[in-house]
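Here's the letter readout for the chains.
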Amino acid sequence: MNTRLLADVERRSTTLLAALAAAIVAAGLHAAGASVPVVADAAPGFRSGPLLIVLALLPAAVSGALLLSGRHNAAAGVLVGAAALAPGRAVLDLQLAADPGAALRPELYLPGDLLRHPPGAGLWLLVAGHGALAVAGLLAVRAARERADVADAGERATDGHDVATWRQRWLFVVMVAAVVAASGLLMAPFASGDVYLLARNAFEGPAVALTGYLLVAAALPLAAALFMTSGNGPFARGGLGGLAIGVACVAVPSVAAAASIDATSVSSGPVVALVAVAVLLAVAFVRASARAERDDSPDRSGEVAVPGQRRLLTATGVLAVLTALAAAAGSLTAQLSSPGPAPAPESPARWLLLAAGVLVGALGLGLFVPRVAIVLRPALTVAWVGVLLAGTAVLDTAITATGVPGGSLSSGPGVLWTWLAMCGAAATACCSVIAGMVEREDADGLDPADGTGAGMNLLTPVTAAAVLAVAALGTPVVTAADYIAAGLWSDFGTPSWGLLAAALTVLGATVLAPRSRPRQAAALLAGAAGVLAVHASALPLTGSHLPDACAGIGLWLSLAAIAALLVAAAIALAGRRGTGE
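Caption draft 1: A look at helix α2 (residues 49-68). Compared with an ideal rise of 1.5 Å per residue, which puts 20 residues at 28 Å, α2 spans 28 Å between its outermost C-alpha atoms and is within 8% of the ideal. Its maximal kink placed at Leu58, α2 deviates by approximately 45°, while the proline Pro59 follows within four residues. One or two steps after α2, the chain reaches Gly70, where phi turns positive at roughly 90°.

Caption draft 2: Structural detail: a nonpolar patch on the surface. On the surface, Phe492, Trp497, Leu500, Leu504 and Leu507 cluster together into a nonpolar patch covering about 440 Å² of accessible area. Among the structural elements, Phe492 can be located in the loop between β5 (478-479) and α16 (494-512).

Caption draft 3: Just the environment of Ala282, in detail. One can find Ala282 in helix α9 (residues 268-285). Ala282 gets classed as partly exposed once you look at its relative accessible area, which sits at 41%. For the pair Ala282 and Gly241, spaced 41 residues apart in sequence, the C-alpha separation works out to 9.0 Å.

Caption draft 4: Region of interest: the confidence of the model for the protein chain. Per-chain confidence: the protein chain averages 82 in pLDDT, with 85% of residues scoring 70 or above. Below a pLDDT of 50 lies the segment residues 289-306, which in the model reaches 25 contacts outside its immediate sequence neighbourhood of four places, other chains included.

Caption draft 5: How the structure looks around the side chain of Ser558. On the secondary structure map, Ser558 appears in helix α19 (residues 553-579). Apart from the residues within four sequence positions on either side, Ser558 is in contact with Ala472, Leu532, His535 and Ala536.

Caption draft 6: Inspection of the layout of surface pockets at higher detail. Roughly 1300 Å³ of volume is contained in the largest pocket. Taken together, 49 residues make up the lining of the largest pocket; nearest its centre are Leu222, Trp384, Ala426, Ala429 and Thr505. For the lining of the largest pocket, the elements supplying multiple residues, two or more each, are α6 (156-186), α7 (207-228), α12 (370-383), α13 (385-402), α14 (413-446), α16 and α17 (518-536). Looking at the lining of the largest pocket element by element, the count peaks at twelve residues for α14. Here the residues of the lining of the largest pocket sort into 33 nonpolar, eleven polar and five charged.

Caption draft 7: Representation of the pattern of salt bridges in the model. Evaluated as defined, the whole model comprises two salt bridges. Arg105 serves as the salt-bridge partner of Asp93, at 2.8 Å between the closest nitrogen and oxygen. Residue Asp93 is located in helix α4 (residues 86-98), and its partner Arg105 is located in the loop between α4 and α5 (121-146); the two are separated by twelve residues in the primary sequence. Among the residues examined, Asp93 registers a relative accessible area of 3% and is labelled buried. In this structure Arg105 comes out as buried when scored by relative accessible area, which is 16%. The shortest N-O distance in the salt bridge between Arg105 and Glu107 comes to 2.8 Å. On the accessibility criterion, Glu107 (6% relative accessible area) is buried. Via salt bridges that share partners, Asp93, Arg105 and Glu107 belong to a single interconnected network.

Caption draft 8: The arrangement of the packing of α12 against α17 in detail. Contact geometry of α12 with α17 gives a least axis separation of 7 Å together with a crossing angle of 40°. It follows from the interaxial angle that α12 and α17 lie oblique. Note that α12 runs across α17; the crossing there is right-handed. Residue-level contacts link Ile374, Val375, Pro378, Ala379, Val382 and Ala383 of α12 to Arg519, Gln520, Ala523, Leu524, Gly527, Ala528 and Val531 of α17. Its residues placed into classes, the contact of α12 with α17 shows ten nonpolar, two polar and one charged.

Caption draft 9: Inspection of helix α3 (residues 72-84) at higher detail. Across its 13 residues, α3 extends 19 Å between first and last C-alpha, which sits within 8% of the 18 Å expected from 1.5 Å per residue. Counting buried positions along α3 yields twelve of 13 residues, so the element is predominantly enclosed. Where α3 is concerned, the buried positions are His72, Asn73, Ala74, Ala75, Ala76, Gly77, Val78, Leu79, Val80, Gly81, Ala82 and Ala83.

Caption draft 10: Spotlight on empty space enclosed by the protein. On inspection of all chains with the given rule, the structure shows two cavities of 30 Å³ or more. When its volume is computed, the largest cavity comes out at roughly 440 Å³. Taken together, 32 residues make up the lining of the largest cavity; nearest its centre are Arg89, Arg105, Cys249, Val250 and Pro253. Within the residue set of the lining of the largest cavity, elements represented by two or more residues are α1 (3-35), α2, α4, α5, α6, α8 (233-260) and α9. Grouping the amino acids of the lining of the largest cavity by side-chain chemistry returns 23 nonpolar, five polar and four charged. Lining the second largest cavity are 14 residues, and of these Leu104, Arg200, Asn201, Ala209 and Tyr213 lie nearest its centre. At three residues, α7 tops the list of elements feeding residues into the lining of the second largest cavity. Among the residues forming the lining of the second largest cavity, the class breakdown is eleven nonpolar, two polar and one charged.

Rules used in this analysis
Residues numbered from 1 in each chain as written. Predicted model: local features only at pLDDT ≥ 70, side-chain atom pairs only at ≥ 80, totals over all residues. Heavy atoms only, no water. Helix = DSSP H or I, 4+ residues; strand = E, 2+ residues; numbered from the N terminus. Expected span 1.5 Å × (residues − 1). Bend = angle between axes of the 7 residues up to and from the residue. Patch = residues over 30% accessible without salt bridge, like charges linked within 9 Å, V, L, I, M, F, W, Y side chains within 5 Å. Areas by Shrake-Rupley, 256 points an atom, 1.4 Å probe, with all protein chains shown as cover. Salt bridge = Lys/Arg side-chain N within 4 Å of Asp/Glu carboxyl O. Buried < 20%, exposed > 50% of the residue type's maximum accessible area, 1.4 Å probe, protein only. pLDDT = per-residue confidence, 0-100. Contact = heavy atoms within 4.5 Å. 1 Å grid on protein atoms, 1.4 Å probe; cavity = no way out; pocket = protein on both sides within 12 Å on 5 of 7 lines; lining within 4 Å. Points joined across faces, edges and corners; volume = space filled by probe spheres on them. Nonpolar A, V, L, I, M, F, W, Y, C, P; charged D, E, K, R; others polar. Axes fitted to C-alpha atoms, helices over the stretch in contact; angles between N-to-C directions. Parallel < 35°, antiparallel > 145°, perpendicular 65-115°, else oblique. Left-handed = near helix turned anticlockwise from the far one by under 90°.

Structural data, given as structure tokens:
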């Protein structure tokens, strides 16, 4: 090995050592934060310090052990996986500063009154620890990129021939496990009979905690998909281990609190999350086998290897159909339950959720038909957000009703089905995007002309559609006396998160369409039109529940945006016929 190569390896190792040092700092800050009060003049509900310290040390300890054994890529993956959840966990901790009594964190603070206590030093140590862990993750990403061409100890014999098979076999399992873990974390962390510790799921809780849980839930499938398509087997397995550690750091304290505090009991949420953790760890420990299958193709070490396009389209279709079924259950079952004889109110937006589910389900069923699957897949990549758009509006009813002081209403089964549909929609989007990546690579390899974009002819209509879509999603579709609809820039509430997700997704479709092939561009724009159609259907589907309801400006803007999107889709298809594609 010459001097230049030695210097290059040393530089790469230095970056990973810096990442490990940042992780050690993060572990120290987390351990210190768990040892001192996070809320002034208050204490945790049980002796949680040793458990929290052990959990805080896990990312650095596991990464360090892998580094010492020569598995540098896996060590980097562990840090990146754990850091992927750090932003969401930091926001979760900040709920202790906003309103500690509503945080549902008895391992850190057990409320004993209704007073709002100021935060203690421990809280800021925890937040700083999450920041240090995020820095460790960024450094680990850089180290993994620098070491992309350097194999871990014991990995050279299998990476070139068998890791592709490992990814093909476990991608779907990993994605399902990530979605299940996210769903478990969004459920109630425990059951409680303590009047000062009212156990609620994420969507019934305060806005800061909800934001944190949503960040964690969104990061899980996204990070899992990135790891499984990273092109680096040890890094991918280490990343899955890091994600498992991050989920365990959120779920294990809830189980420990339920087992240690008299007024609480274990609920299904953290148990479901820990089952998913076990699956992620099992896949992380499954090494590529030299006997997996004979590889007659050239060595493709380091390339992204994912399942075939047909299998990915089928998996996406299955997830879309399951999402549609969950959306139907969420719309047809009660969102609220009442202990008295009087019926509980129903969410006016439940039929909107059903419409969004039907759209996603219909596109999902189409993916099982080979001739139309490639055409419908881009539309589903956009249409999934309609479930979030409608789901957040449905959950707003439950959040508002159960948040009334002294109220007797509680969440019904519809709430559970609704957020399961939302998680399923996110998983469907991830799988659809991966299928699109494979489709694009296959198209680029067949014919250079087939990869030609739809062209700048779309620029004017898609720009108009983007402006109209944002305006439509930011203004009310329905207006009525004594009714104020949530918006993007005013009256921001729970439904606003769905509106924001829809606006970003539609904007993304309008940006990608001119760069996509004509048929795929038309499908993207048609999917965006479907999302706006769901938004516009709020008037006929929910207006009957509001006295003197009438059309708002958002309806007309939605119809104009739909028209612009359909015109752009027609232009894209006309361009395809003109080029003879």
